[in-house]
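As a plain string of letters, each chain reads:
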Amino acid sequence: MSSPFLKQVFHKDKTFRPKRKFEPGTQRFELHKRAQASLHAGLDLRQAVQLPPGEELNDWVAVHVVDFFNRLNLIYGTVSDGCTERSCPVMSGGPKYEYRWQDEHRYRKPTALSAPRYMDLLMDWVEVQINNEDIFPTNVGTPFPKNFLQAVRKIMSRLFRVFVHVYIHHFDRIAQMGSEAHVNTCYKHFYYFVTEFGLIDTKELEPLKEMTARMCH
């Protein structure tokens, strides 16, 4: 993990799109720092995801959703030059799983798209959600909406599909760059988090079920 090349890949701000950052001095920023400190201290990932005593669940979840979005941006950004209309004409996770895009604007019915187009729409959509003050309020004291965790479940299910596509179709690129340990750690962190708080439907996890059993149990 300490090679200069990996530092260049995983520590510069050149993500797939701009990173969403937390404002210093806010409760969310302090929680973000605490979550990062747990990871850097080498705390077991199963423990690192647990809600700290005295903290609000929604705040803890919000911090992690933004963090996972930033990290998955970065991971997909490193393989995106090899994920093209030609190489990935369908957004899939192997022959058994195909993902169709649906939103409230252009694609009102589930629509088959190429992987790069799907990823672009997915990242744009998540970015809109996490920048929407009605869903992710940034002002201290502004309550989260009642449907917050429901909105998060949809976001996490869609972000999980980035892992599915990257692992199944672009893992050779990850391995070639020597960054599989980093991606595996990100995946385990994500998996432990969504399962700790019930933020993903079990059937969504199916495509990576065997890998997850080897890696996380």
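Only a predicted model underlies this, so the values are computations on that prediction, with no experimental measurement involved.

Residues spaced three or four apart along an α-helix face the same direction, because each turn holds 3.6 residues. Helix length check: helix α7 (residues 180-196) (17 residues) gives 24 Å between terminal C-alpha atoms against 24 Å at 1.5 Å per residue, within 8%. Of the residues making up α7, those classed as buried are His182, Val183, Cys186, Tyr187, His189, Phe190, Tyr191, Tyr192, Phe193 and Val194.

The subject of this paragraph is the nonpolar core. By size, the foremost hydrophobic cluster in this structure holds 61 residues, and its most contacted members are Phe136, Met156, Leu159, Phe163, Tyr187, Phe190 and Phe193. Sort the elements by how many residues they give to this core and helix α6 (residues 148-176) lands first, with 13 residues. Excluding residues that lie within four positions of it along the chain, Met156 makes contacts with Val65, Phe68, Phe190, Phe193, Val194, Leu199 and Ile200.

On the secondary structure map, Phe68 appears in helix α4 (residues 57-79). Taking C-alpha positions, Phe68 is 8.2 Å from Leu159, a pair spaced 91 residues apart along the chain. For Phe68, the contacting residues outside a window of four places in its chain are Met156, Cys186, His189, Phe190 and Phe193.

Before going further, it helps to spend a moment on the pattern of salt bridges. Side chains that carry opposite charge are capable of pairing whenever their charged atoms lie near each other. Taken as a whole and assessed by the stated rule, the structure comprises 6 salt bridges. Of the charged contacts in the structure, one is a salt bridge between Asp201 and Lys203, with a shortest N-O distance of 3.3 Å. The class of Lys203 is exposed, set by a relative accessible area of 62%.

Moving on: α4. Here α4 spans 33 Å end to end across 23 residues, near enough to the 33 Å set by a 1.5 Å rise per residue. By the criterion of burial, α4 is predominantly enclosed, with 20 of the 23 residues buried.

Once that is clear, we can look at the UniProt feature "binding site: Zn(2+)" (unreviewed entry) in the chain. When the UniProt feature table is mapped to this numbering, "binding site: Zn(2+)" (unreviewed entry) covers Cys83, Cys88, His165 and His170. For this annotated set, covering 88 residues, all C-alpha atoms fall within 10.0 Å of each other, a compact arrangement in space. Inspection of the secondary structure puts Cys83 in the loop between α4 and β1 (100-101). If we skip the residues at most four places from it in the chain, Cys83 touches Tyr76, Cys88, Ala115, Pro116, His165 and His170. Take His165: it is sitting in helix α6. There is a polar contact of 2.9 Å between the side chain of His165 and the backbone oxygen of Ser92.

What follows covers the packing of aromatic side chains. Within the structure shown, the criterion is met by 16 aromatic pairs. Here the aromatic rings of Trp101 and Trp125 are separated by 6.4 Å at their centres, their planes lie at 80°, and the arrangement is edge-to-face. Note that Trp101 is positioned in strand β1 and Trp125 in helix α5 (residues 115-130), a separation of 24 residues in sequence. The two residues Trp101 and Trp125 agree in class, both being buried. In textbook terms, an aromatic cluster arises when at least three aromatic residues are bridged by ring pairs, as seen for Phe68, Phe160, Phe163, Tyr167, Phe171, Tyr187, Phe190, Tyr191, Tyr192, Phe193 and Phe197.

Looking now at the confidence of the model for the chain. With 80% of its residues at a pLDDT of 70 or more, the chain shows a mean pLDDT of 84. Helix α1 (residues 4-11) is the least confidently modelled element of the chain, averaging 39 in pLDDT, while β1 averages 96, the highest of any element. Segment residues 1-16 is flagged for pLDDT under 50; beyond a separation of four residues in sequence, or across chains, it makes 31 contacts in the model.

Turning to the packing of α4 against α6, a few remarks are in order. For the pair α4 and α6, the least separation of the axes is 10 Å and the interaxial angle reads 25°. Between α4 and α6, the interaxial angle falls into the category roughly parallel. Pair α4 / α6 crosses with left-handed handedness. Along the contact surface, α4 presents Leu57, Asn58, Val61, Ala62, Val65, Phe68, Phe69, Leu72, Ile75, Tyr76, Thr78 and Val79, while α6 presents Phe148, Leu149, Val152, Ile155, Met156, Leu159, Val162, Phe163, Val166, His170, Arg173 and Ile174. Looking at the contact of α4 with α6 residue by residue, the classes come out as 20 nonpolar, 3 polar and 1 charged.

Definitions and cut-offs
- Residues numbered from 1 in each chain as written.
- Predicted model: local features only at pLDDT ≥ 70, side-chain atom pairs only at ≥ 80, totals over all residues.
- Heavy atoms only, no water.
- Helix = DSSP H or I, 4+ residues; strand = E, 2+ residues; numbered from the N terminus.
- Expected span 1.5 Å × (residues − 1).
- Buried < 20%, exposed > 50% of the residue type's maximum accessible area, 1.4 Å probe, protein only.
- Core = buried A, V, L, I, M, F, W, Y, C linked by side-chain atoms within 4.5 Å.
- Contact = heavy atoms within 4.5 Å.
- Salt bridge = Lys/Arg side-chain N within 4 Å of Asp/Glu carboxyl O.
- UniProt positions renumbered as here; feature names shortened; annotations may be inferred.
- Polar contact = N/O pair within 3.5 Å; in protein donor to acceptor, adjacent residues only side chain to side chain.
- Phe/Tyr/Trp six-rings, centres within 6.5 Å; stacked < 30°, edge-to-face > 60°.
- pLDDT = per-residue confidence, 0-100.
- Axes fitted to C-alpha atoms, helices over the stretch in contact; angles between N-to-C directions.
- Parallel < 35°, antiparallel > 145°, perpendicular 65-115°, else oblique.
- Left-handed = near helix turned anticlockwise from the far one by under 90°.
- Nonpolar A, V, L, I, M, F, W, Y, C, P; charged D, E, K, R; others polar.

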